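These are the residues of each chain, in order.
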Amino acid sequence: MAALKKKDEDMKAMEERYKMYLEKARNVIRALDPKLNPATAEIQALKGQVLDRDRQILSLERECEQAKLREYEEKLIVTAW
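Values in this document were obtained by computation on a predicted structure and should not be read as measured data.

A.B. asks: Explain the overall build of the protein chain to me, using residue names and the numbers behind them.
C.D. replies: Tallying secondary structure elements over the protein chain gives two helices and zero strands in all. For the protein chain, the C-alpha radius of gyration of 32 Å lies well beyond 12 Å, the compact-globule estimate for 81 residues. Here the C-alpha coordinates of the protein chain stretch approximately 110 × 25 × 10 Å along the principal axes. By residue count, 1% of the 81 residues in the protein chain fall in the buried class. Working note: accessible area of the protein chain is about 8000 Å², and carbon and sulfur atoms make up 62% of it. Put simply, the protein chain has 17 plus and 16 minus side-chain charges, and the middle of one group is 9 Å from the middle of the other.

Given below as structure tokens:
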């Protein structure tokens with residue numbers, strides 16, 4: 001009889017742990033799902049903006065480098081005459 005009672009207590013303890021872990025998993029899913037967590041969606045939007053800015057910076061840096069090369073080329077042409 002004691003063994004049966006012990007098994008019953010073990011089963012209840014395991015069920016409680018299962019419920020606790022299940023709730024933790026639900027919380028993690030809620031935290032990671034952008035549809036359920038507006039902060040995550042905002043973070044994704046900000047990451048997109050940062051990527052756009054980085055692309056724009058690279059483009060402007062290339063344009064600046066090309067302008068410097070053109071200016072140097074013009075100086076060389078002028079000094080060659």
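A.B. asks: Would you mind going over the pattern of salt bridges in detail, with residue names and values included?
C.D. replies: Scanning the model with the defined rule gives six salt bridges in all. Taking the shortest distance from any N to any O, the salt bridge between aspartate 10 and lysine 6 comes out at 3.5 Å. Note that aspartate 10 and lysine 6 are positioned in helix H1 (residues 2-32) at a spacing of four residues, about one turn of the helix. Measuring nitrogen to oxygen at the nearest pair gives 3.5 Å for the salt bridge that ties glutamate 15 to lysine 19. Of the two residues, glutamate 15 and lysine 19 are both situated in helix H1; the distance of four residues between them amounts to about one turn of the helix. The exposure class of glutamate 15 is partly exposed, given its relative accessible area of 43%. Each member of the salt-bridge network shares a partner with another, and the members are Glu23, Arg26 and Arg30.

Quick notes on the rules
- Residues numbered from 1 in each chain as written.
- Predicted model: local features only at pLDDT ≥ 70, side-chain atom pairs only at ≥ 80, totals over all residues.
- Heavy atoms only, no water.
- Helix = DSSP H or I, 4+ residues; strand = E, 2+ residues; numbered from the N terminus.
- Rg over C-alpha atoms; globule rule 2.2 N^0.38 Å.
- Buried < 20%, exposed > 50% of the residue type's maximum accessible area, 1.4 Å probe, protein only.
- Areas by Shrake-Rupley, 256 points an atom, 1.4 Å probe, with all protein chains shown as cover.
- Lys, Arg positive; Asp, Glu negative; His and termini not counted.
- Charge placed at Lys NZ, Arg CZ, Asp CG, Glu CD.
- Salt bridge = Lys/Arg side-chain N within 4 Å of Asp/Glu carboxyl O.

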